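# Architecture and fold: a report
What follows is the residue order along each chain.
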Amino acid sequence: MRILLMGAPGSGKGTQAGFIAQKAKVSSVSSGDLFRKNLSEKSELGILAKTFMDRGEYVPDDVTIRMVLDWINDPSNTSGFVLDGFPRTLPQAIALDEELGSVDKVIFFDVPNNDLIERLSGRLICRTCQASFHKIFYPSKNGMICDKCPDELYQRDDDKADVVTNRLKVYMQETQPVIQYYAKQNKLITVDGSKSVDEVESELEMALND
Ligand SMILES: [Zn+2]
């Protein structure tokens, strides 16, 4: 079974990747995992990717695609896979189909924008011990003071609502054509990612057995 997971940052797809992989009896990997692996192993692709990152540039599609294909073509992944966060662009999706023929299921975690902004912009970090909290879902017992040490909590610039809103806008612009591409192939399964983790799991279980 070849499964792709799509969804904006904060949609919860990363949380469910392990569950889906276990149900489908395959391994899961995220594009972020593959970057970290190639960088830490200093593979040829990792070194190449780093030259772009060091210049503050985006790593080009073909480098990302080769990292993913290397992983897919690994003998331990021949029975299938769960790919989390790839493809992110239409050229990546087309390259994947050219290599594999096609995938089996594409699961899109649909979450309203306002929920995503609430989830992503609620994060607070301790200045001293770096402990991570959430204004709504995991607040510190001491308000804006860390409950693991006595220092204050702050919001990272990346987590500010306007930055988060812009990141989501970019994500939607990039991935809308990918979603349409798989919808046309009748591969797209949309799950309601605004529900609780348990409810999303039962929705996924039904979708996988289908
Ligand atoms: Zn602290």
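Note that the structure is predicted; figures quoted are calculated from it, not measured.

Let's shift gears to the coordination of the zinc ion. With distances of 2.3 Å, the protein atoms coordinating the zinc ion are Cys126 (SG), Cys129 (SG), Cys146 (SG) and Cys149 (SG). The coordination sphere of the zinc ion comprises four donor atoms, whose angles at the metal cover 98 to 119°; the geometry is tetrahedral. The sequence motif formed by the donor residues of the zinc ion is C-x2-C-x16-C-x2-C. The buried category is assigned to Cys126, whose relative accessible area is 0%. Residue classification places Cys129 among the partly exposed positions, given a relative accessible area of 35%.

Looking now at the sheet that holds strand E6 (residues 132-134). What the three strands build is an open sheet, ordered E6-E5-E7; its pairing is antiparallel. Only two strands of the sheet have a single neighbouring strand rather than two, namely E6 and strand E7 (153-154). Where strand E5 (residues 123-126) lies against E6, three bridges are found, and the strand directions are antiparallel. Following the sheet pairing, Ile125 is matched in E6 by Ser132.

Turning next to the domain arrangement of the protein chain. Often, the extent of an interface is quoted as the loss of accessible area on bringing the components together. By domain assignment, the protein chain separates into domain 1 (2-111 + 161-209) and domain 2 (122-159). Between the C-alpha centres of domain 1 and domain 2 there is a distance of 29 Å.

With respect to the helices and strands, the residue Val197 is situated in helix H8 (residues 197-209). The class of Val197 is partly exposed, set by a relative accessible area of 45%. Counting along the chain gives 131 residues from Val197 to Arg66, while the straight-line C-alpha distance between them is 33 Å.

Another point: helix H5 (residues 90-100). Every buried residue belonging to H5 is among Gln92, Ala93, Ala95, Leu96, Asp97 and Leu100, and all of these are buried. Its buried side turned inward, H5 meets strand E1 (2-6), helix H4 (61-72), strand E3 (81-84) and helix H7 (161-184). Two residues or fewer past H5, Gly101 is found with a positive phi of approximately 90°.

Let's shift gears to helix H3 (residues 44-54). Residues Leu45, Gly46, Ala49 and Phe52 constitute the buried set of H3. Down the axis of H3, the smallest arc covering the buried residues is 120°, so these residues share one side. Among the exposed residues of H3, those oriented more than 90 degrees off its buried face are Glu44 and Asp54. Gly56 occupies a position one or two residues after H3 and carries a positive phi of about 75°.

Here we take up the sheet that holds strand E4 (residues 105-110). Judged by pairing direction, the sheet is parallel, and its five strands sit side by side in the order E2-E3-E1-E4-E8 without closing on themselves. Two strands in the sheet have a free side with no partner beyond their single neighbour: strand E2 (27-30) and strand E8 (188-192). Averaged over all adjacent pairs, the angle separating strand axes in this sheet is 20°, with direction ignored. Across the sheet, helix H2 (residues 31-40) is in contact with E2 and E3; its angle to E2 comes to roughly 80°.

The next subject is the packing of H3 against H4. Running from N to C, H3 and H4 point in directions that differ by 155°, and their axes come no closer than 10 Å. By the angle between their directions, the pair H3 and H4 is classed as roughly antiparallel. Where H3 crosses over H4, the handedness of that crossing is left-handed. Of H4, the residues touching H3 (which contributes Glu44, Leu45, Gly46, Leu48 and Ala49) are Val63, Arg66, Met67 and Asp70. Residue composition of the contact of H3 with H4, by class: five nonpolar, one polar and three charged.

Reading the values: rules and limits
- Residues numbered from 1 in each chain as written.
- Predicted model: local features only at pLDDT ≥ 70, side-chain atom pairs only at ≥ 80, totals over all residues.
- Heavy atoms only, no water.
- Donors = N, O, S within 2.8 Å, 3.2 Å for Na, K, Ca; no water.
- Tetrahedral: all angles 85-135°; square planar, octahedral: opposite > 155°, others 65-115°.
- Buried < 20%, exposed > 50% of the residue type's maximum accessible area, 1.4 Å probe, protein only.
- Pairing = 2+ DSSP bridges.
- Helix = DSSP H or I, 4+ residues; strand = E, 2+ residues; numbered from the N terminus.
- Domains from an automatic or database assignment.
- Contact = heavy atoms within 4.5 Å.
- Arc of directions from axis to C-beta.
- Axes fitted to C-alpha atoms, helices over the stretch in contact; angles between N-to-C directions.
- Parallel < 35°, antiparallel > 145°, perpendicular 65-115°, else oblique.
- Left-handed = near helix turned anticlockwise from the far one by under 90°.
- Nonpolar A, V, L, I, M, F, W, Y, C, P; charged D, E, K, R; others polar.

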